[in-house]
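# Results of the structural survey
Residue-level listing of the chains:
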Amino acid sequence: MFQKLEEVVKKYDELNALLMDPKVIEDPKKLMEYNKALNAISDIVEKYKEYKAKSEELENLKQDIKDEKDHEMKEIMQEEINSLENEIPQIEDSLKILLLPKDPNDEKNVIVEIRAAAGGDEAALFASDIFRMFTRYAERHRWKTEVLDKNETGVGGLKEITFMIKGQGAYSRLKFESGVHRVQRVPDTESSGRIHTSTITVAVLPEVEDITEVEINPSDLIIDTYRSSGAGGQHVNTTDSAVRITHKPTGIVVTSQDGRSQIKNKEAAMKVLASKLFNLERETQRKEIESQRRSQVGMGDRSEKIRTYNFPQGRVTDHRIKLTLHRLEDFLDGDLDEMIDALIAYNQAELLQTVGDE
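Residues numbered from 1 in each chain as written. Predicted model: local features only at pLDDT ≥ 70, side-chain atom pairs only at ≥ 80, totals over all residues. Heavy atoms only, no water.

Here we come to helix H4 (residues 71-98). Its 28 residues give H4 an end-to-end C-alpha distance of 41 Å, which sits within 8% of 40 Å, the value for a rise of 1.5 Å per residue. Of the residues making up H4, those classed as buried are Met77, Ile81, Leu84, Ile88, Ile91 and Leu95. Buried-residue contacts for H4 involve helix H1 (2-19) and helix H3 (28-67). The distance from a side-chain oxygen at the start of H4 to the backbone nitrogen of Glu72 is 3.1 Å, and the residue carrying that oxygen is Asp70. (Helix = DSSP H or I, 4+ residues; strand = E, 2+ residues; numbered from the N terminus. Expected span 1.5 Å × (residues − 1). Buried < 20%, exposed > 50% of the residue type's maximum accessible area, 1.4 Å probe, protein only. Contact = heavy atoms within 4.5 Å. Polar contact = N/O pair within 3.5 Å; in protein donor to acceptor, adjacent residues only side chain to side chain.)

With mixed pairing, the eight strands of this open sheet are ordered in space as S2-S3-S1-S5-S4-S9-S10-S11. Every other strand in the sheet has two partners, leaving strand S2 (144-152) and strand S11 (323-325) as the edge strands with one partner each. Here the average twist between neighbouring strands, direction ignored, is 20 degrees. Pairing geometry for strand S4 (residues 179-185) and strand S9 (residues 305-310), over five bridges, is parallel. Looking across to S9, one finds that Val183 is bridged to Tyr309. On top of the sheet, helix H5 (residues 120-140) reaches strand S1 (110-116), S2, strand S3 (158-166), S4, strand S5 (196-206) and S9; it is set at about 10 degrees to S3, its chief contact. (Pairing = 2+ DSSP bridges. Axes fitted to C-alpha atoms, helices over the stretch in contact; angles between N-to-C directions.)

The relative placement of two packed helices comes down to the angle between their axes together with the axis-to-axis distance. Following both chains from N to C, one finds H1 and H3 inclined at 135 degrees, their axes separated by 8 Å at the closest point. Considered as vectors, H1 and H3 are oriented oblique to each other. The interaxial crossing formed by H1 with H3 has left-handed handedness. Each residue belonging to the contact of H1 with H3 can be placed in one class, and the counts come to 17 nonpolar, three polar and four charged. (Parallel < 35°, antiparallel > 145°, perpendicular 65-115°, else oblique. Left-handed = near helix turned anticlockwise from the far one by under 90°. Nonpolar A, V, L, I, M, F, W, Y, C, P; charged D, E, K, R; others polar.)

Let's shift gears to the sheet that holds strand S6 (residues 221-226). Ordered in space as S6-S7-S8, the three strands form an open sheet in which the pairing is antiparallel. Two strands close off the open sheet at either side, each with one partner strand: S6 and strand S8 (252-256). Taken over all neighbouring pairs, the strand axes of this sheet differ in orientation by 15 degrees on average, direction set aside. Strand direction decides the pairing type here: strand S7 (residues 242-247) and S8, joined by five bridges, are antiparallel. In the strand pairing of S8, Arg244 is matched with Thr255.

Take the nonpolar core next. Core analysis: the largest hydrophobic core is formed by 36 residues, its most contacted members being Val112, Ile114, Ile130, Phe134, Ile165, Leu174 and Tyr309. Contributing elements (two or more residues each) for this core: S1, H5, S3, helix H6 (170-174), S5, helix H9 (328-332) and helix H10 (337-357). The element that contributes the greatest number of residues to this core is H5, accounting for eight residues. What Leu174 contacts, discounting residues up to four positions off in sequence, is Val110, Phe134, Tyr137, Trp143, Ile165, Val204 and Ile340. Counting 23 residues, the second-largest nonpolar core is a separate cluster that includes Leu19, Ile44, Tyr51 and Ile88. (Core = buried A, V, L, I, M, F, W, Y, C linked by side-chain atoms within 4.5 Å.)

Summed over the entire model, instances satisfying the criterion amount to 24 salt bridges. Between Arg136 and Glu139 there is a salt bridge; the shortest N-O distance is 2.6 Å. Linking Arg136 with Glu139, this pair stays in helix H5, spanning three residues, or about one helical turn. Classification of Arg136 by relative accessible area gives partly exposed; the value is 23%. Here Glu139 falls in the partly exposed class, since its relative accessible area comes to 48%. One salt-bridge network, in which partners are shared between bridges, spans Arg132, Arg136, Glu139, Arg140 and Asp333. (Salt bridge = Lys/Arg side-chain N within 4 Å of Asp/Glu carboxyl O.)

Within the secondary structure layout, Ser275 lies in helix H8 (residues 262-290). Every residue in contact with Ser275, bar those within four places of it in the chain, is listed here: Ile111, Leu205, Pro206, Glu207 and Val208.

It is worth spelling out the packing of H3 against H4 at this point. It is at 9 Å that the axes of H3 and H4 come closest, and there the two elements cross at 155 degrees. Accordingly, the angle class assigned to the pair H3 and H4 is roughly antiparallel. Here the hand of the crossing between H3 and H4 comes out left-handed. Partitioning the contact of H3 with H4 into residue classes produces 13 nonpolar, three polar and 12 charged.

Looking now at the packing of aromatic side chains. Counted under the stated rule, the structure contains five aromatic pairs. Summarising the aromatic geometry, the rings of Tyr48 and Tyr51 are spaced 6.5 Å apart at their centres and angled 15 degrees between planes, so their arrangement reads as stacked. Here the residue Tyr48 and the residue Tyr51 both occupy positions in helix H3, the gap between them amounting to three residues, near one helical turn. In this structure Tyr51 comes out as buried when scored by relative accessible area, which is 12%. Both rings, one in Tyr137 and one in Trp143, keep their centres 5.9 Å apart while their planes meet at 80 degrees; by these two values the pair is edge-to-face. (Phe/Tyr/Trp six-rings, centres within 6.5 Å; stacked < 30°, edge-to-face > 60°.)

Here it is, written out as structure tokens:
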């Protein structure tokens with residue numbers, strides 16, 4: 001680990017030197033590239049400097065206490081030694097986590113797809129609740145939300161909705177939300193007070209910023225245009241602005257009708273298609289790797305039941321990490337960080353153990 005850390009420090013110094021080079025300063029592309037690389041490792045370097053400073057302080061105290069004659073001063077020094085001996089292993093653990101391989105998609109925007117599954121109108125209403133939950137979470141982080149496509153029901157629910165959340169680190173925070181979300185509650189239409197169970201599926205995809213990164217053969221696409229449905233005013237309903245794209249090799253179908261123009265909807269649909277194809281390839285690679293090693297927190301599989309929202313008891317339970325929070329109302333209002341932090345910590349612990357096994 002320490003050899004790796006010294007290499008990171010060396011790279012950090014090299015990048016700082018490059019950023020002072022007049023040729024680099026005059027080249028905006030290189031300047032951005034080197035700054036990005038520097039920012040990616042600055043946390044590791046700062047933590048390593050802290051580790052070395054504390055370790056040096058501990059060694060000095062251990063030497064000084066041997067020569068110290070004053071009893072009270074010895075006690076103070078021993079307290080400082082004890083404190084540092086507790087603190088240094090914690091810094092070591094932080095360094096191990098910082099050195100874990102980074103998901104290259106973590107800093108990307110996300111495309112989220114929510115679909116009502118089992119439960120009819122109640123599932124559609126729950127899909128609307130979860131959409132609001134994610135938009136409120138985005139607001140808390142000052143991220144932007146943009147709806148790409150939606151299919152509403154007559155009771156205020158959502159059969160399906162596709163939207164983008166734009167913000168630095170959005171994927172790193174939301175990637176574990178993929179899967180089946182289950183709700184247990186008494187629907188407004190239930191006169192006997194019986195609890196119903198309904199489900200929705202959520203898919204979280206990293207945005208592919210440049211769709212040319214994904215190989216898409218135009219001859220593999222069927223592109224249809226049609227009139228948008230639902231809210232949007234007279235303009236939406238009288239022009240063929242909605243776009244449906246079918247990718248023949250995979251059978252993936254994407255639609256976009258929320259934009260005012262056919263061009264904008266086609267761009268949005270192509271972005272969603274590129275992200276889905278990118279994710280499909282990534283999942284294939286991940287499954288090949290994980291068939292030979294321990295699996296981390298489930299992500300990306302929409303058939304996996306990940307969480308239950310129990311209204312009568314006011315609790316939300318994540319089944320992957322066996323964590324229950326008794327504040328459902330706050331959770332649905334976008335206060336997700338405690339759960340997300342726990343999922344990230346669990347995943348890091350599993351990764352550390354996997355690295356240790358290797």
